[in-house]
Amino acid sequence: MSQAQTQAAPPPMVQCSGASKWFGDLVAVSDVSFSIGAGVTALLGPNGAGKSTLLRMMCGLARPSNGSVTVLGNNPRADVAVLGRIGMAPQQESLLDYLSGREFVELAAQLHRVDNPVEAARRAIQTVELDPDDPRRLSTYSKGMRQRIKLAQAIVHDPLVIALDEPLTGLDPRQRREMIQLFHRLGAEGKCVIVSSHVLDEVERFGPVTKMPRFWRCARSTTIWRASSDTWWADDSASGGTVNPHIYRVVVRSQISTGRLLALAGLSGVAILLAFIARAADDPVEFATRSMGTFGTNIFAPFIALALGSAALGNLVEDRTLVYVWLRPVPRHAVATAAFAAVLSVVGPIVVAVMTVAAAITGVDGLPAATAAATALAVFAYSGLFLALGLRFKRSLLIGLGYIAIWELLMSRLGDWFARLSVRSYPMSILSDATGVDMRLADRSTLASYIVPLAIGLAGLAYTSWRLTRTEID
Amino acid sequence: MSDIVVSARGVHKSYGSNHVLQGLDCDVGRGITGLLGSNGAGKSTFMGLVLGLRPRQGGTLKVLGVDPDQSGPELRARLGYAPEHHDLPGDVQAADLVRHIAQLHGLPRRAATERASDALWQVGLGEERFRPIGTMSTGQRQRVKMAQALAHDPDLLLLDEPTDGLDPVQRDDMLALIRRVGREFGIDILLSSHLLEEVERVCDSVVILANGVVGHSGPLHQGDSAASGIKVELDSDPRALVAALVAHGATAATDGHILTVTGHDALPDLVRDLVADLGLGLRRLEPRRTTLEDVFIEASQ
Amino acid sequence: MTEARIHDRGYLAYDGPRHGPGRAMVVLGCHTAQRVLGLKRSNWQKVMPAITLLISFVPAIVFIGLAALLPDSSDLDLGEPTEYYGLIVWMVFLFTSFVTPEAICTDRRSGLLGLYLASPLDRDAYLAAKFAAIVVVLGIMTIGPTLLVLIAFTLEGSGPDGAIDWLVEFGRVLASGLAMAAFWGALSLAVSSLTTRRALASVAIFVSLLVSAAVGDGLAQVAEAGDSFGLLNMIALPLEAVYRIYGESNENGPPIAEVGTLPILSTLIGLIAVFLWFARWRYQRIEVNG
């Protein structure tokens, strides 16, 4: 785009040039070229025509296989900063169910670094005619309410480009009418509103239908230019520190559930119970060391880390709510570190504290400190490992269980060579060293017993971070 | 068989403090009946009661002459049900699923296999019947749901939002299929929808649910409900015309580019003259009909 | 002359015979057993059931092979059938936690439960069919190998003498296998009823078995009341019940070996009842439509 052109007429806000997207053999979008400015534009096509894929490419959720998609002159996939000027409501119904509507929209505002997120969220929620003070969680929302809260998070940061994927499904006639009026209002304010729909009579209400090149029929209202090219996003930058606090909070929130708390409480109770049993045992040192080792590092730490670690990003990927993080101008590595920090800070302190208290109850000298160190290392290693597993595999929980059951618990009994490959043997050897009780798997040098778990945890984090930059959300 | 398929008197249903149905009275006759209502009006809950999935808290309900709470299994063998959700087991072939459900409804294995295949042909999935459902589009899944409800030759078919998520072509096909099942196959159908237009297109009668009671119920007679007023569609901003109409004593409501004008004796002439005077482009001018949308909005209030 | 052909036979009403709800339970049970075993499913789903089943039959096949190859097989000490279960208990353990949750978890997640309850099945019939399917599938593992050994030895002439002894032996094989299958099957059903996520149920079953073993045996070692705490060990309980069916007790075994036969059998049956009651209670509360 040349400078002269920019001055003559405003550049298109969204431009596709020969954009194609295929998944394996399936061609979703084939060589689409068009450019759109301010106003309401409708993307019309049957199911499976590639409308959603096109919108996702505009919002940086997917990378075009061929050609280019630029928004406000930038590639939304490569440059996350431009995402600050884009708002999107995806088609999927799943939301961050554990948040209330207000928290959900506030999160969007915070990640977009809006000046007053609370006020902005309130305004956006009122715009879509929901109640900002409704304390209910999103999981209780009806279809129509979900549609509207999705719209609220798309407009909370006053974006210039608003992409809405099937925003009218699930709304009743009155709500539809009001929604369409809202779109026109936004279009008249100089925003580029792109609405996809498969229902013909809906689209007719957006305005006169005009034909677009390449079998994309678009309905388009009058174009009003207000935004000038240099004020688009010049002041934006995608800095976010190493751990994004808002994403950290969301992951922590997603981790907390009744079932998990019960599991945590139950396993903590078992740890304490075993400690009391050890006090009364014939050989307290032997029993205490073994039960702290076999329970703490073989069951408690790995399974809690599995439940939380594999879910931290895995659940967001599986129910596709990662999109509500992805649409924000946040560096991807900050997402990985935030998730890792969230897992560690939820699991770590509790498990380590419970095990240390349990070790202290046994009354064996030197055991509390060794247990604290061993459990902390186990938690660190397994959290990193299962965080990466959760992102890599769909069936991460089952694969993780298989890993623990077969690799760590069953195969490591086959001999020392196998035992070396099991993560748990390293922290266990710290316990072994501390009390002198010989545990079958645990004979590692002191250095290795600290370095190996740390390295495994960090490797998991590094892999997660790398993998996130390549993730496409469908 | 009597002409009343489902008969409800004072039916109550609540979940905790959430009173979904509060004294619902209606008679569903033979043919195709639409169950209309906005989201959360209790359509799915009512279908659940008809199926006997949950005991109701009050009132009487007779489905095909029996009480679903008392003879649930016998009744359900005679019903076909297509739920609202699109989830179906992804790794099962369509033909296997339909046969399995038909067998559960009492058909012997061989008959179930044949009829599953037939039903999938009838819904237009004949060529696709050995595909895993996970690889199918939303439209095809809706058809699979239809086929599994149909295969055991039920007396009454319950379809919960059968066109949800379909594009216009698929929706036309589905509505045509529903019409065919209702008219040619002679199976009575109760279908729920929040889209008025499709209920208008296929149903013989309608039950509108609003706030847990029946807001309106009765037969649908298409085309004979011309109300006063006309619809006007312009190709540009209608505000000038609205102002002019109001100045002449008419009332005009806008809906996008479409105006609904009422309250004047010689409306078509008035609109024609005003449009000409203002130099506007006129796209469409037609008498307004009382659509189901009007009935719906009235019933919801 | 005109040639008449039917191009579209249209929709045909069905006037043939119809079975009742009882048959629906059988159909559902068979279907579930197939799915749990991974038949007609992707290869990934076949891995765990196939491997654990194969491994659990390996010792049986080795025994039979040895007995057939060695000339004087009656001198061969192949151990008691009770010891066989000790060999394969890890496999049963893996099978229970990895494979059986498929029976009910997936139905709720995939929306199939809604279709089932809209058929002549009601909630109790549904659960009964599912439990039966789990027990049958687990029974392949717990009854299959020992039954195979019994039949092979009988054919070779080294089995129990006389019809009565043979029937007693046969009855013991069946009863032992059923006891284990019913216990772990009921546990699986109860845990699976808690979550729609199959993998989560797997983890929960696995951990609850491990923890019950650690706690039960630990308590039995130190507490005043002593050995009866061994009953808490949900791995050892059904195994010990098997020893009692054979009129023995596990000599080198866990503390539960010191407990009387009556408490063991009544705990076993009591826990099965509690697990089944719990699953039923959960299912009464599940909403399916909407």
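Residues numbered from 1 in each chain as written. Chains lettered and ligands numbered in written order. Predicted model: local features only at pLDDT ≥ 70, side-chain atom pairs only at ≥ 80, totals over all residues. Heavy atoms only, no water.

**With respect to the overall build of chain A**
How we decide: Working definition: helices are DSSP H or I runs of at least four residues, strands are E runs of at least two. Numbering for both runs from the N terminus. Contacts are assigned to residue pairs with any non-hydrogen atoms lying within 4.5 Å of each other. Accessibility throughout is a Shrake-Rupley quantity obtained with a 1.4 Å probe, and a residue counts as covered only by protein chains that appear here.
Assigned secondary structure in chain A consists of 17 helices and 9 strands. Partitioning the contacts of chain A with sequence separation of at least 6, the portion at a separation of at least 24 is 74%. With the model as given, the accessible surface of chain A reaches about 18,300 Å², and the carbon-plus-sulfur share is 56%.

**Some thoughts on the sheet that holds strand S2 (residues 18-29) of chain B**
All names here are of chain B. Note the following rule: A pair of strands is considered paired only if DSSP assigns at least 2 bridges between the two. In this analysis, axes come from line fits to C-alpha atoms, helices being fitted only over the stretch in contact, and the angle between any two N-to-C directions falls in the range 0 to 180 degrees.
Pairing in this open sheet of 3 strands is antiparallel, and the strands run S2-S1-S4 from one edge to the other. Looking at strand neighbours, the two that pair on one side only are S2 and strand S4 (58-63), the edges of this open sheet. Mean inter-strand twist for the sheet, computed between neighbouring axes without regard to direction, equals 20 degrees. With 5 bridges joining them, strand S1 (residues 4-15) and S4 adopt antiparallel strand pairing. Pairing of Arg9 across the sheet is with Thr60, part of S4. Against the sheet, helix H1 (residues 43-51) touches S1, S2 and S4, its axis set at about 115 degrees to S1.

**Focus: the pattern of salt bridges**
All names here are of chain B. Note the cut-off: A side-chain nitrogen of Lys or Arg and a carboxyl oxygen of Asp or Glu constitute a salt bridge if their distance falls within 4 Å. With a 1.4 Å probe rolled over the protein chains alone, any residue whose accessible area is under 20% of its type maximum counts as buried; one over 50% counts as exposed, and the rest are partly exposed.
Throughout the structure, instances matching the rule amount to 35 salt bridges over all chains. Between Arg201 and Asp172 there is a salt bridge, with its nearest N and O atoms 2.5 Å apart. Taken together, the positions of Arg201 in helix H7 (residues 196-202) and Asp172 in helix H6 (residues 168-183) put the pair 29 residues apart, joining distant regions of the chain. Take Asp172: its relative accessible area is 37%, and that puts it in the partly exposed class.

**So, helix H16 (residues 425-435) of chain A**
Residues and elements named next belong to chain A. Of all 11 residues making up H16, 9 are buried, and the element is well covered by its neighbours. By the burial criterion, the buried members of H16 are Ser425, Tyr426, Pro427, Met428, Ser429, Ile430, Leu431, Ser432 and Thr435. Elements that come into contact with the buried residues of H16 comprise helix H10 (284-318), helix H13 (367-392), helix H15 (416-420) and helix H17 (446-470). Phi turns positive one or two residues past the end of H16, at Gly436, with a value near 75 degrees.

**Regarding the pairing of strand S1 (residues 14-23) of chain A**
Residues and elements named next belong to chain A. Inspection of the sheet shows S1 paired to strand S4 (residues 66-71) by 5 bridges, in the antiparallel sense. Counterpart to Val14 in the pairing with S4 is Val71. Bridge analysis of S1 against strand S2 (residues 26-36) gives 7 bridges, and the strand direction is antiparallel. Each bridged residue has a counterpart across the sheet, and for Val14 the counterpart in S2 is Ile36. Adjacent in sequence and paired antiparallel, S1 and S2 are bridged by 2 residues, among which Gly24 carries a positive phi angle near 60 degrees.

**What to know about the side chain of Ser193 of chain B**
Residue and element names in this part refer to chain B. What counts here: For this analysis, a polar contact is any N or O atom pair within 3.5 Å, provided that within protein one partner can donate a hydrogen and the other can accept it, and provided that sequence-adjacent residues contribute only side-chain to side-chain pairs.
Along the chain, Ser193 falls in strand S7 (residues 188-193). In this structure the side chain of Ser193 is engaged in a polar contact, spanning 2.8 Å, whose partner is the side chain of Glu198. With sequence-adjacent residues up to four places away left out, Ser193 is seen in contact with Leu35, Leu36, Gly37, Lys43, Glu161, Glu198 and Val199.

**Concerning the packing of aromatic side chains**
When we look at a pair of aromatic rings, we describe it by the centre distance and by the angle of the planes. Using the following cut-off: Stacked, edge-to-face and tilted are the three classes for Phe, Tyr and Trp ring pairs, Trp counted by its six-membered ring, which pair at centre distances within 6.5 Å; planes under 30 degrees apart are stacked, over 60 edge-to-face, the rest tilted.
By the definition in use, this model includes 17 aromatic pairs over all chains. Measuring from centroid to centroid gives 5.5 Å for Trp417 of chain A and Phe418 of chain A, while their planes differ by 90 degrees, and the two rings are edge-to-face. Residue class for Phe418 of chain A comes out partly exposed when judged on its relative accessible area of 29%. When the ring of Phe63 of chain C is compared with that of Tyr84 of chain C, the centres are 5.9 Å apart and the planes differ by 75 degrees; the resulting orientation is edge-to-face. With Phe63 of chain C in helix H2 (residues 43-69) and Tyr84 of chain C in helix H3 (residues 81-98), this pair connects stretches of sequence that are 21 residues apart. By relative accessible area, which is 18% here, Phe63 of chain C ends up buried. A relative accessible area of 3% places Tyr84 of chain C in the buried class. One aromatic cluster is present, formed by Phe303 of chain A together with Trp90, Phe93 and Phe206 of chain C through successive ring pairs.

**Digging into the interface of chain B and chain C**
What counts, and what does not: Accessible area that two parts lose when put together, evaluated with a 1.4 Å probe and summed over both, is termed the buried area.
Contacts between the two partners involve 41 residues from chain B, matched on the other side by 38 residues from chain C. Both sides of the chain B and chain C interface together cover about 3,500 Å² of buried area, and 54% of this is carbon and sulfur. Here chain B is connected to chain C by 3 salt bridges. Between Asp91 of chain B and Arg35 of chain C there is a salt bridge whose closest N-O contact spans 3.3 Å. At the boundary of chain B with chain C, the tally comes to 13 residue pairs in polar contact (both at pLDDT 80 or more).

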